[in-house]
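# Reading the structure
Here's the letter readout for the chains.
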Amino acid sequence: MRTVFSLCADLMRGDGVVVVRVDERRFTRETILETLKDCFPEYRQVEASVPRGRNQTRLFNRDVEPMGERDVVLTAS
């Protein structure tokens, strides 16, 4: 993910917005959030909403706890 986010950061304009859907498992969520901070140091998190209803985790990984995702939104500071 670091490679992908780094390449995206290199391609983005200064006023870009980053939106990433992250699952709620602690390791995954914390790893992605830390990687985003490293790759987009000038950006700040403005939102982390939790979608309700059917989601990817519920559809494809029924044995995962906690179940769900969140949408992380970053904007240029």
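Check the entry above for the structure.
One structure accompanies this document, and this report is about it.

Rules of the game
- Residues numbered from 1 in each chain as written.
- Predicted model: local features only at pLDDT ≥ 70, side-chain atom pairs only at ≥ 80, totals over all residues.
- Heavy atoms only, no water.
- Helix = DSSP H or I, 4+ residues; strand = E, 2+ residues; numbered from the N terminus.
- Buried < 20%, exposed > 50% of the residue type's maximum accessible area, 1.4 Å probe, protein only.
- Contact = heavy atoms within 4.5 Å.
- Areas by Shrake-Rupley, 256 points an atom, 1.4 Å probe, with all protein chains shown as cover.
- Salt bridge = Lys/Arg side-chain N within 4 Å of Asp/Glu carboxyl O.
- Core = buried A, V, L, I, M, F, W, Y, C linked by side-chain atoms within 4.5 Å.
- Expected span 1.5 Å × (residues − 1).
- Arc of directions from axis to C-beta.

## Some words on the overall build of the protein chain
The helix and strand tally for the protein chain stands at three helices and three strands. A burial count over the protein chain gives 31% of its 77 residues as buried. Of the contacts formed within the protein chain by residues at least 6 apart in sequence, a portion of 72% connects residues at least 24 apart. Carbon together with sulfur atoms contributes 51% to the accessible area of the protein chain, which is approximately 5500 Å² in total.

## Brief notes about the pattern of salt bridges
By the definition in use, this model includes five salt bridges. As a salt-bridge pair, R25 and D23 come within 2.5 Å of each other at their nearest N and O atoms. Look at R25 and you get partly exposed, because its relative accessible area is 33%.

## Some remarks on the nonpolar core
Judged by nonpolar contacts, F5, V18, V20, V22, I32, L36, C39, F40, Y43, V72 and L74 together constitute the single largest core of 11 residues. Of all the secondary-structure elements, those providing two or more residues to this core are strand 1 (17–23), helix 2 (26–39) and strand 3 (69–76). Excluding residues that lie within four positions of it along the chain, V22 makes contacts with T28, R29, I32, E69, R70 and V72.

## Some thoughts on helix 2
Compared with the 20 Å implied by 1.5 Å per residue over 14 residues, the 20 Å span of helix 2 between its first and last C-alpha is a close match. Looking at helix 2, one finds that the buried residues are R29, I32, T35, L36 and C39. Buried residues of helix 2 fall within an arc of 140 degrees about the axis and therefore sit on the same side. Exposed positions of helix 2 whose direction lies more than 90 degrees from the buried face are R26, F27 and K37.

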